Amino acid sequence: MTAKTVPVATFDLVIFGGTGDLALRKLLPGLFRRYADGQIPEDSRIIGVARDSLSDDDYRARVSQALAPVVESEPGLQPRLAPFLLRLGYHALDATRDEGWQAFADELQAQGERIRVFYLSTSPGLFVDLCTRLKAHGLNGGQSRVVIEKPIGKDSGSAARINDAVGSVFSEGQTFRIDHYLGKETVQNLMALRFANILFEPLWNSNYIDHVQITVAETVGLEKRAGYYDTSGALRDMVQNHLLQLLCMVAMESPAAMEADAVRDEKLKVLRSLRPIDAGDASQLTVRGQYRAGASNGGAVPGYLDELSRLEPGRTESRTETFVALKAEVDNWRWAGVPFYLRTGKRLAERVSEIVIAFRPVPHSIFEHGAGPVVANKLVLRLQPDEGVKLWLMIKDPGPGGLRLQHVPLDMSFAEAFGVHQPEAYERLLMDVVRGNPTLFMRRDEVEAAWKWIDPILAAWETLRESPKPYTAGSWGPGAAVALIERDGRTWHEEAG
Ligand code: NAP
């Protein structure tokens, strides 16, 4: 059985940056699937905005091209493509110039009052211009919502400036700061596992959990994002948002209800309980890496600096980290003494995002030596590529003969168990924006608390001036990341268990 799709109210969704990578690769395919599923009412409109001068039909042709792989992989959606394209329109506008904005506002207002979503899928440098012009044309009324993408700043100060600018136009209740990791099925399931079962919660603390690992590994390299990535690096690009949000979902207390502020209050407490890392312990608790040439996805690939110099001729050096591993501690009663090991990087051995809850070993083994070791239980929540949950248990080797023990997973792959398309994170989150449900979006104070923890690490790295440690593309990162966890007598989880 699968969850029932409940249609949302009619809306206009404006995608600023409607011709960009995020819009064409994620947002529009997500909207198409929701439309095909009957969740989007027929009189809703999706309006792409960018500077390029395109007609509605040009834009539809571009979107149709972007949706071709979706239709190819799910041929049942084909009959819904033409009606979906009719829901699309295009408006050429420059965020930084006034021309055309009045006509754009008139076009939107001609529909009368309805839910209006403004998705800022542009560089953050344009957020202030966009919000200012939306306000100047009266488009920030009570039925309007704004969605902002990461990166929300590059430190506390710049994040506050973006939040102030957006906040002077839209109220906090109208502002949806998206972190698509929170829309993933497995993250939702973490809430269900923890708070809809009696089994886990009594064990969910330092008495029974030895440590937690969070890995977000990518096989891709720099791709076309050199300009942005080289000024950002893995800590800002991935840890400040995705990994810390996942950490919060694991570590938070039970909210009083599944309501936006109740959930976000609990996440905020976790962020505020993170033990600061500064120049005194950054070398011990963090590892920065940068990939060198190697092999990925079955082929030879260049190193980061080679890719950078191809995209930015003349560049021969960079201290930007493409990998980071760190050991975090949550200083509260539940988690005292339980390390959270986080790692993320580009050009790693496998594309995988997972959370591993490693339980403590049993206090005493009653089994003879010949039965084999009693391995501690693990709960592994996989966010990608195939979402699912595995609970690693000890069982007896099946069959006659002596009692030998085996460590095996109770394995639930969501795709296999339910045999349906798992909605992409953006699909769920876009519908939540229309419904005005901010539970899975970051509140301003959460973003700021996350930066408050990240800022001293960035400052420590600046003080230490250490170059990132090289690692071969296609590996699991620098040896120092292995040493980080092995120093504590633990190892990174690998699927062989
Ligand atoms: P992109 O491919 O560079 O697209 C940028 C879009 O903004 C284009 O449609 C561009 O069209 C438009 N644009 C640029 N300057 C403009 C202006 N002055 N006025 C109006 N429109 C303008 O960028 P992206 O990869 O889609 O990323 C968009 C945002 O999402 C960024 O903040 C990025 O960090 C974030 N993000 C992206 C991804 C991803 O997977 N791509 C993932 C997470 C977050 P014209 O040049 O024709 O105006």
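Scroll up for the structure.
So, a few notes on the structure that sits alongside this text. For clarity, every value in this text was computed on a predicted model and none was experimentally measured.

**Some details on the packing of aromatic side chains**
By convention here, two paired aromatic rings are described through the distance between centres and the angle between planes.
Part 1 of the reasoning: One pass over the full model with this rule turns up 15 aromatic pairs.
Part 2 of the reasoning: Centroid distance phenylalanine 200 to tryptophan 204: 6.4 Å. Interplanar angle 80°. Geometry classified as edge-to-face. Summarising the burial analysis for this pair, phenylalanine 200 and tryptophan 204 share the class buried.
Part 3 of the reasoning: The side chain of lysine 184 reaches across the aromatic face of tyrosine 181, ending 5.2 Å from its centre.
Part 4 of the reasoning: Lying across the ring of tryptophan 461, arginine 288 places its NZ or CZ 4.9 Å from the centre.

**Re the site of the ligand**
Part 1 of the reasoning: Lining the immediate surroundings of the ligand are 21 residues, of which Thr19, Asp21, Leu22, Arg25 and Arg51 lie closest.
Part 2 of the reasoning: Measuring from a nitrogen atom of the ligand, one finds a backbone N or O atom of alanine 95 at 2.9 Å.
Part 3 of the reasoning: In this structure, lysine 150 approaches the ligand through a main-chain N or O atom, which is 3.4 Å from an oxygen atom.
Part 4 of the reasoning: Within the complex, 76% of the 890 Å² of free accessible area of the ligand lies under protein.
Part 5 of the reasoning: Looking at which element gives the most residues to the shell around the ligand, the answer is helix H1 (residues 21–36), with three residues.
Part 6 of the reasoning: Of the residues contributing to the shell around the ligand, the split by class is seven nonpolar, seven polar and seven charged.

**Describing the sheet that holds strand S16 (residues 405–413)**
Note: strands within a sheet are paired through backbone hydrogen bonds, in either parallel or antiparallel orientation.
Part 1 of the reasoning: What the nine strands build is an open sheet, ordered S16-S15-S14-S13-S7-S12-S11-S8-S17; its pairing is mixed. Each having just a single partner strand, S16 and strand S17 (469–472) make up the two edges of the open sheet. Across the sheet, the axes of successive neighbouring strands diverge by a mean angle of 20°, strand direction being ignored.
Part 2 of the reasoning: Inspection of the sheet shows strand S13 (residues 352–359) paired to strand S14 (residues 378–384) by six bridges, in the antiparallel sense. Of the residues in S14, the one forming a bridge with glutamate 354 is arginine 382.
Part 3 of the reasoning: Against the sheet, helix H16 (residues 479–486) contacts strand S7 (209–217), strand S8 (286–292), strand S11 (323–329), strand S12 (339–345) and S17, and its axis sits at roughly 15° relative to S11.

Each value, and the rule that gives it
Residues numbered from 1 in each chain as written. Predicted model: local features only at pLDDT ≥ 70, side-chain atom pairs only at ≥ 80, totals over all residues. Heavy atoms only, no water. Phe/Tyr/Trp six-rings, centres within 6.5 Å; stacked < 30°, edge-to-face > 60°. Buried < 20%, exposed > 50% of the residue type's maximum accessible area, 1.4 Å probe, protein only. Lys NZ or Arg CZ within 6 Å of the ring centre and 35° of its normal. Near = heavy atom within 4 Å. Polar contact = N/O pair within 3.5 Å; in protein donor to acceptor, adjacent residues only side chain to side chain. Areas by Shrake-Rupley, 256 points an atom, 1.4 Å probe, with all protein chains shown as cover. Helix = DSSP H or I, 4+ residues; strand = E, 2+ residues; numbered from the N terminus. Nonpolar A, V, L, I, M, F, W, Y, C, P; charged D, E, K, R; others polar. Pairing = 2+ DSSP bridges. Axes fitted to C-alpha atoms, helices over the stretch in contact; angles between N-to-C directions. Contact = heavy atoms within 4.5 Å.

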